[in-house]
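Here is what each chain is made of, one letter per residue.
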Amino acid sequence: MKIGVMGAGAIGCFVGGKLMTVGADVTFVGRPRVQQDLSHGLTLTELPRRGRAVPEQRLETPKVETRVEALADADMVLVAVKSGQTSDVGAELDGVLPEHTLVVSLQNGLHNADKLRAVMPRRQVLAAIVGFNVVWPAEATLRRATSGPLVFESTSDERLATLVRLLEKAGLEVETSDEIRPVQWSKLVINLNNAISALTDVPTTELVFEARYRRILKAVMAEALGVLRAAGVRTARLGPLPPALFPTLLSLPSWLLRRMMSIQMDIDPEARSSMWEDLERRRLTEVDELNGEIVKLAEERGLRAPLNARIVELVHQAEQKASGSPKLGADELWARLSH
C-alpha cells in the first residue's frame, strides 16, 4: 500500500514517519523548506513510557516532494494541512489521485472531511482525530509531546484496517469509531487551550498547572461545554475522562490536579499548541475552526459565548499584527476577556 501525506507539518511528518519505521511506503508533500529540512533524514522522539525513556528513531531517506503530482499512484492519502487550505488542497488532489484512493483527514476541527468530500465526490473520505500533540524542537527532529490516541472513522475498507495495524505496530494507540462527530467535539473542547497558549506564549504544562492560567482555561472550557449542553450536542470520551469533567478537574488544587492529569494524559514540558507556532511563523491560525465553532453554535441557538468570542477577536488581532504571540500575561488576558 502506497501512502501519501499531504501537508508535511509536525503531525503529518510524525504519523508518516511512524509508518515508515514499520516499513510502509510513504511519500510526503510539503513546502520547499520542509523538503530541505528533511533532506538529511528525520528523527522521531517520544514521551517517556512508565518512567522509561523511549529510544529515538532515525529515518535516513524520507521521500519529500513539493508537488501534489507525487501522489498520483497513492492508495491512501493522509491530509494534514491547515483547515483554511482544505478545499483548495482537496481540489488539487481530486485532479491527481486515482478514483480508488482512500483519503483520511488528520485535521483539527469538525468539517474538514466534509470539505474534502465536497470537492472529491468520487472518493471515500474519512475523518480522523489526532489525540496527541507534536512539536518540532529542532531541524529534522519531531517530538510527540502529549499522549493520546489516533481515532479513525470506521469503514469496511480493508485499507483502514491495514493502516491501523501498521500504526499499532509502530507503537501508537489507535481506535475506530462508528460515530466520529461526538469524538470531534471532545477534541475541539480539549483544543480550546490552543488559543490561550498562542496568546500567552506559555507551554501547555504552565497553562494547566499555574492557577492564574488555569482559571482562564477552565472558564473558556466551561462556557463551551455549557453551549454544547444547551444545544444538545453530544461529546464522547477521548482518553480516560469525559470532557464534562474537565472544568471540575481544573478546579482542583495544583498538587491534586497533577496526580489526576497523570491519569488523563502525559504532557512534555516542551508541549506547545500548533496555534502558537502559527502566530510565531506569521501564518493564519485555526481559531475559527476551534473557539469560533463554539461561537457559531451559540449564535445559531440564540445563546452567547462571550469568552470564546473574545478569544477569537484577540487571535485575529495577533494575526493582523504579524509579530508573533502578543505574550499576554495571565492577569492581562483575563482582564481583556472580562472586558
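Remember, predicted model here, so these are calculated numbers, not experimental data.

Cut-offs applied
- Residues numbered from 1 in each chain as written.
- Predicted model: local features only at pLDDT ≥ 70, side-chain atom pairs only at ≥ 80, totals over all residues.
- Heavy atoms only, no water.
- Helix = DSSP H or I, 4+ residues; strand = E, 2+ residues; numbered from the N terminus.
- Rg over C-alpha atoms; globule rule 2.2 N^0.38 Å.
- Buried < 20%, exposed > 50% of the residue type's maximum accessible area, 1.4 Å probe, protein only.
- Contact = heavy atoms within 4.5 Å.
- Lys, Arg positive; Asp, Glu negative; His and termini not counted.
- Charge placed at Lys NZ, Arg CZ, Asp CG, Glu CD.
- Pairing = 2+ DSSP bridges.
- Axes fitted to C-alpha atoms, helices over the stretch in contact; angles between N-to-C directions.
- Arc of directions from axis to C-beta.
- Polar contact = N/O pair within 3.5 Å; in protein donor to acceptor, adjacent residues only side chain to side chain.
- Parallel < 35°, antiparallel > 145°, perpendicular 65-115°, else oblique.
- Nonpolar A, V, L, I, M, F, W, Y, C, P; charged D, E, K, R; others polar.
- Left-handed = near helix turned anticlockwise from the far one by under 90°.
- Core = buried A, V, L, I, M, F, W, Y, C linked by side-chain atoms within 4.5 Å.
- Right-handed = clockwise from strand over helix to strand, strands pointing away.

Enquirer: Looking at this structure, how should I read the overall build of the chain?
Expert: A count of helices and strands for the chain gives 15 helices and 12 strands. Computed over the C-alpha atoms, the radius of gyration of the chain is 19 Å, within 12% of the 20 Å expected from 2.2 N^0.38 for a compact globule of 339 residues. In the chain, which comprises 339 residues, the share counted as buried stands at 56%. Pairs at least 24 residues apart make up 71% of the contacts formed inside the chain by residues separated by at least 6 positions. One finds the centroid of the 42 positive side-chain charges in the chain at a distance of 5 Å from the centroid of its 43 negative side-chain charges.

Enquirer: Is there a simple way to explain the sheet that holds strand β2 (residues 25-29) in this structure?
Expert: Within a sheet, each strand pairs with its neighbour through backbone hydrogen bonds, oriented either parallel or antiparallel. Spatially, eight strands are ordered β5-β2-β1-β6-β7-β8-β11-β12 in an open sheet, and the strand pairing comes out mixed. Edge positions in the sheet fall to β5 (63-65) and β12 (174-177), since each of these pairs with one other strand and no more. Strand after strand, the sheet turns through a mean of 25 degrees between neighbouring axes, direction not considered. Note: strand β1 (residues 2-6) against strand β6 (residues 76-79), four bridges, orientation parallel. Looking at the pairing, Val5 lines up with Leu78 of β6. Most of the contacts of helix α4 (residues 112-119) go to strand β8 (residues 125-130), to which it runs at about 160 degrees, and overall it touches β6, β7 (102-105), β8 and β11 (150-153).

Enquirer: Please clarify how α4 should be interpreted in this entry.
Expert: In an α-helix, one turn spans 3.6 residues, which is why side chains three or four residues apart end up on the same side. Of all the residues in α4, the buried ones are Asn112, Ala113 and Leu116. Summarising the axial view, the buried residues of α4 lie within an arc of 100 degrees, below the 170-degree limit, and thus occupy one face. Packed against the buried residues of α4 are β6, α3 (86-94), β7 and β8.

Enquirer: How should I be thinking about the environment of Thr285 in this particular structure?
Expert: Its place among the elements puts Thr285 in the loop between α12 (274-280) and α13 (291-300). Assessed through its relative accessible area of 12%, Thr285 is described here as buried. Contact partners of Thr285, with chain neighbours within four places excluded, come to Met275, Asp278, Leu279, Val315 and Glu319. A distance of 3.2 Å separates a polar atom in the side chain of Thr285 from the backbone nitrogen of Val287. For Thr285, the side chain forms a polar contact with the side chain of Glu319, separated by 2.7 Å.

Enquirer: Help me understand the sheet that holds strand β3 (residues 42-45) in this model?
Expert: With respect to topology, four strands assemble into an open sheet ordered β4-β3-β10-β9, the strand pairing being mixed. Either end of the sheet is taken by a strand with one partner, and the two such strands are β4 (57-59) and β9 (134-138). Going across the sheet, the axis of each strand differs from the next one's by a mean of 25 degrees, ignoring polarity. Against the sheet, helix α1 (residues 10-21) makes contact with β3, β4, β9 and β10 (141-144), and its axis sits at roughly 90 degrees relative to β3, the strand it touches most.

Enquirer: Can you walk me through the side chain of Asn191 in this structure?
Expert: Of note, Asn191 is situated in the loop between α6 (180-190) and α7 (193-200). Relative accessible area serves as the criterion here: at 7%, Asn191 is assigned to the buried category. Every residue in contact with Asn191, bar those within four places of it in the chain, is listed here: Asn108 and Leu290.

Enquirer: When you look at the packing of α6 against helix α9 (residues 211-231) in this model, what are you seeing that I'm missing?
Expert: Geometry of a packed helix pair, given as the angle between the helix axes and the separation of the axes. Closest axis-to-axis distance for the α6/α9 pair is 10 Å, and the angle between their directions is 155 degrees. In terms of axis orientation, α6 runs roughly antiparallel to α9. Judged by residue contacts, Trp185, Val189 and Ile190 of α6 engage Met221, Leu225 and Leu228 from α9. Its residues placed into classes, the contact of α6 with α9 shows six nonpolar, no polar and no charged.

Enquirer: Please explain the packing of α7 against helix α14 (residues 306-321) as it appears in this structure.
Expert: One way to put it is that α7 packs onto α14 with a least axis distance of 10 Å and a crossing angle of 45 degrees. When the interaxial angle is binned, α7 and α14 end up oblique. As for the relative orientation of α7 and α14, their crossing is left-handed in sense. On α14, the residues that touch Ala195, Ile196 and Leu199 of α7 are Ile311, Leu314 and Val315.

Enquirer: What should I look at first to understand the nonpolar core in this one?
Expert: Judged by nonpolar contacts, the single largest core of 77 residues is most densely connected at Met6, Leu93, Ile294 and Ile311. Other than its neighbours up to four places away in sequence, Ile294 contacts Trp185, Leu188, Leu192, Ala224, Val227, Leu228, Ala305 and Asn308. Ranked by size, the runner-up nonpolar core spans 42 residues in total, among them Val15, Leu42, Phe152 and Ala170.

Enquirer: For this particular structure, what's the right way to read the pairing of β6?
Expert: Every other side chain in a regular strand lies on the same face of the sheet, so the side chains alternate between the two faces. Of the two faces of β6, both are covered, the one formed by Met76 and Leu78 as well as the one formed by Val77 and Val79. As paired elements, β6 and β7 share four bridges and run parallel to each other. Among the inter-strand pairings, Met76 is bridged to a residue of β7, identified as Leu102. Note that the unit made of β6, α3 and β7 has a crossover that is right-handed.

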